[in-house]
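Spelled out from the first residue to the last, the chains are:
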Amino acid sequence: MSVINATSTIIPYEDYELMSSESCGGSNDLQAESCKKTNRLKRNRRAPIRFVDKLHEICSRDDLNNIICWNDDGDGWTIPNGASGEDLLSSLILPLYFGKFDDPFSSSLEMFYLNVYLHGFRRDGSTSTLSFQHKNFVRDNTSLLQYMPDIQVTAMSF
């Protein structure tokens, strides 16, 4: 898990927690104690599961290989059945993992692809199937996911 600070530097989530608890210097003991209590509450609250974590889990499920799966090299994912795979993805998997998306102007599949591109995935044009890659999105290596940006698109705003 990672957090993007004000300078857009990606900080691993554990380091952010440490940084927050160490920055509780106040002008008096009451302010410092209040800051420590707030940080304890933050540590006890679980962060929501990120998009890339969910996508990694989806790609790793053997029962979904006909809809979405890892590519042969394990350095990206693919939708092997093209348009029919996209239909199954949008009707079965996206509502299960990402909830229902009600927007008259955008489909849940469009929001999914928007999240894919915003997280830095690039389409692999060397294959005939719909395939995406990212240097930190690797099969059986979830530790690299912490270096991917923590972005979540939930709705379009105009």
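Our structure is the block above this text.
Would you take a moment to explain the state of the cysteines for this structure?
Note on terminology: a disulfide is the covalent bond linking the sulfur atoms of two cysteines. Per the stated rule, a full pass over the model turns up zero disulfides. Left without a disulfide partner, Cys 69 is nearest to the cysteine sulfur of Cys 59, which lies 7.6 Å away. Residue Cys 69 is classed as buried on the basis of its relative accessible area of 13%.

I would appreciate a short explanation of the packing of aromatic side chains in the present structure.
Between two aromatic rings, the relevant description is the distance of the centres plus the angle of the planes. Within this structure, the stated rule accounts for nine aromatic pairs. Aromatic side chains Tyr 117 and Phe 132 sit 5.7 Å apart centroid to centroid with 75° between the ring planes, which places their arrangement in the edge-to-face category. Here Tyr 117, found in helix 5 (residues 108-118), pairs with Phe 132, found in strand 6 (residues 130-133); they are 15 residues apart in sequence, far enough to count as distant. Overall, the relative accessible area of 38% leaves Tyr 117 in the partly exposed class. Residue classification places Phe 132 among the buried residues on the basis of a relative accessible area of 1%.

About the thresholds
- Residues numbered from 1 in each chain as written.
- Predicted model: local features only at pLDDT ≥ 70, side-chain atom pairs only at ≥ 80, totals over all residues.
- Heavy atoms only, no water.
- Disulfide = S-S within 2.5 Å.
- Buried < 20%, exposed > 50% of the residue type's maximum accessible area, 1.4 Å probe, protein only.
- Phe/Tyr/Trp six-rings, centres within 6.5 Å; stacked < 30°, edge-to-face > 60°.
- Helix = DSSP H or I, 4+ residues; strand = E, 2+ residues; numbered from the N terminus.

Everything listed is a geometric property; what it means functionally is a separate question.
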